[in-house]
Amino acid sequence: MSETVDGPRGSDADADLLEEELRQAAAVLDPLPPALLQIAVDAYALHDLDAKVAELSFDSLVDAIPVRGAEDPPRMLTFNAGEVTVDVEVTAHGLMGQLMPPQQAQIEVLGGPQPGSVLTADDMGRFTGAIPLSGPFALRLRTAGDVVETEWLRT
């Protein structure tokens, strides 16, 4: 005799109860690390209604052709938000970048070992910082007229 299964067994209430029990077990056995909680809070803080979100348009980890013999090449990122372009080079020692069109800006590094570190872009839009990044990070740029925030990325 063979038995056919027409769908999941049990009711929605059973599934909800099981889900809640699994959540409680995960909270006890594998609690949320405080650093991850801080990253989540920082990510939520990005929801500024006036901010433009700069979307990632180039990532050398995905889009670049590997170079033979290159040891630990820098990661190149390009973000676009309307007419503003942000080019960023991330290395083990920190980051540097440039805004296009060139303009002054305050750049806040979100995430990483020193969350909230602020860099300043000069008149040519250039910025640099000896802030080694680890884990998820994003940038918040404040120009004369706009607030631009990048997507969150992992280093």
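In this text, all values refer to a predicted model and were calculated from it rather than measured experimentally. (Residues numbered from 1 in each chain as written. Predicted model: local features only at pLDDT ≥ 70, side-chain atom pairs only at ≥ 80, totals over all residues. Heavy atoms only, no water.)

S.K.: I tried to follow the overall build of the protein on my own but got confused; where do I start?
M.R.: Scanning the protein from N- to C-terminus turns up three helices and ten strands. Residues counted as buried form 29% of the 155 residues belonging to the protein. At a minimum sequence separation of 6, the contacts of the protein that also span at least 24 residues come to 46%. Working note: accessible area of the protein is about 10600 Å², and carbon and sulfur atoms make up 57% of it. (Helix = DSSP H or I, 4+ residues; strand = E, 2+ residues; numbered from the N terminus. Buried < 20%, exposed > 50% of the residue type's maximum accessible area, 1.4 Å probe, protein only. Contact = heavy atoms within 4.5 Å. Areas by Shrake-Rupley, 256 points an atom, 1.4 Å probe, with all protein chains shown as cover.)

S.K.: Quick question: what am I supposed to make of the side chain of D59 here?
M.R.: Tracing the backbone shows D59 in strand 1 (residues 52–59). Reaching out from D59, the side chain makes a polar contact with the backbone nitrogen of L61 at a distance of 3.0 Å. (Polar contact = N/O pair within 3.5 Å; in protein donor to acceptor, adjacent residues only side chain to side chain.)

S.K.: Just to check I follow, could you spell out the environment of V86 for this structure?
M.R.: Turning to its location among the elements, V86 is positioned in strand 3 (residues 84–91). Judged by its relative accessible area of 1%, V86 falls in the buried class. Residues V86 and L99, 13 residues apart in the sequence, show an inter-C-alpha distance of 4.7 Å. In this structure V86 touches L77, T78, F79, Q98, L99, F127 and L141, once residues within four positions along its chain are discounted.

S.K.: Help me understand the confidence of the model for the protein in this model?
M.R.: Segments scoring low in pLDDT should not have their predicted coordinates read at a detailed level. Mean pLDDT over the protein: 83, with 83% of residues reaching 70 or higher. Predicted confidence is poor over residues 1–7, with pLDDT under 50, and the contacts of this stretch with residues over four places away or in other chains come to one contact. (pLDDT = per-residue confidence, 0-100.)

S.K.: How should the nonpolar core be read in this particular structure?
M.R.: The nonpolar side chains of soluble globular proteins are, as a tendency, buried together. Core analysis: the biggest nonpolar cluster contains 23 residues, and V86, V88 and F127 have the highest contact counts within it. Secondary-structure elements contributing two or more residues to this core are strand 2 (75–81), strand 3, strand 4 (94–100), strand 5 (105–111), strand 6 (117–121) and strand 8 (136–142). If one sorts the elements of this core by residue count, strand 3 sits on top with four residues. (Core = buried A, V, L, I, M, F, W, Y, C linked by side-chain atoms within 4.5 Å.)

S.K.: Can you help me understand a nonpolar patch on the surface in this one?
M.R.: Together, L32, L36, L37 and V41 line one region of the surface with nonpolar side chains, adding up to about 360 Å² of accessible area. Along the chain, L37 turns up in helix 2 (residues 34–45). Of the residues examined, L37 reaches a relative accessible area of 46% and is grouped as partly exposed. (Patch = residues over 30% accessible without salt bridge, like charges linked within 9 Å, V, L, I, M, F, W, Y side chains within 5 Å. Salt bridge = Lys/Arg side-chain N within 4 Å of Asp/Glu carboxyl O.)

S.K.: Any chance you could explain the pairing of strand 3 here in plain terms?
M.R.: Alignment of strand 2 against strand 3, held across seven bridges, turns out to be antiparallel. Directly across from F79, in strand 3, lies its bridge partner V86. With antiparallel pairing between neighbouring strands as the criterion, strand 2 and strand 3 make up a hairpin whose turn holds two residues, including G82 at a positive phi of roughly 65 degrees. Of the pairings in the sheet, the one linking strand 3 to strand 4 comprises seven bridges and is antiparallel in character. Counted as the bridge partner of E89 is M96 from strand 4. Counting the residues between successive antiparallel strands, the hairpin from strand 3 to strand 4 contains two residues. (Pairing = 2+ DSSP bridges.)

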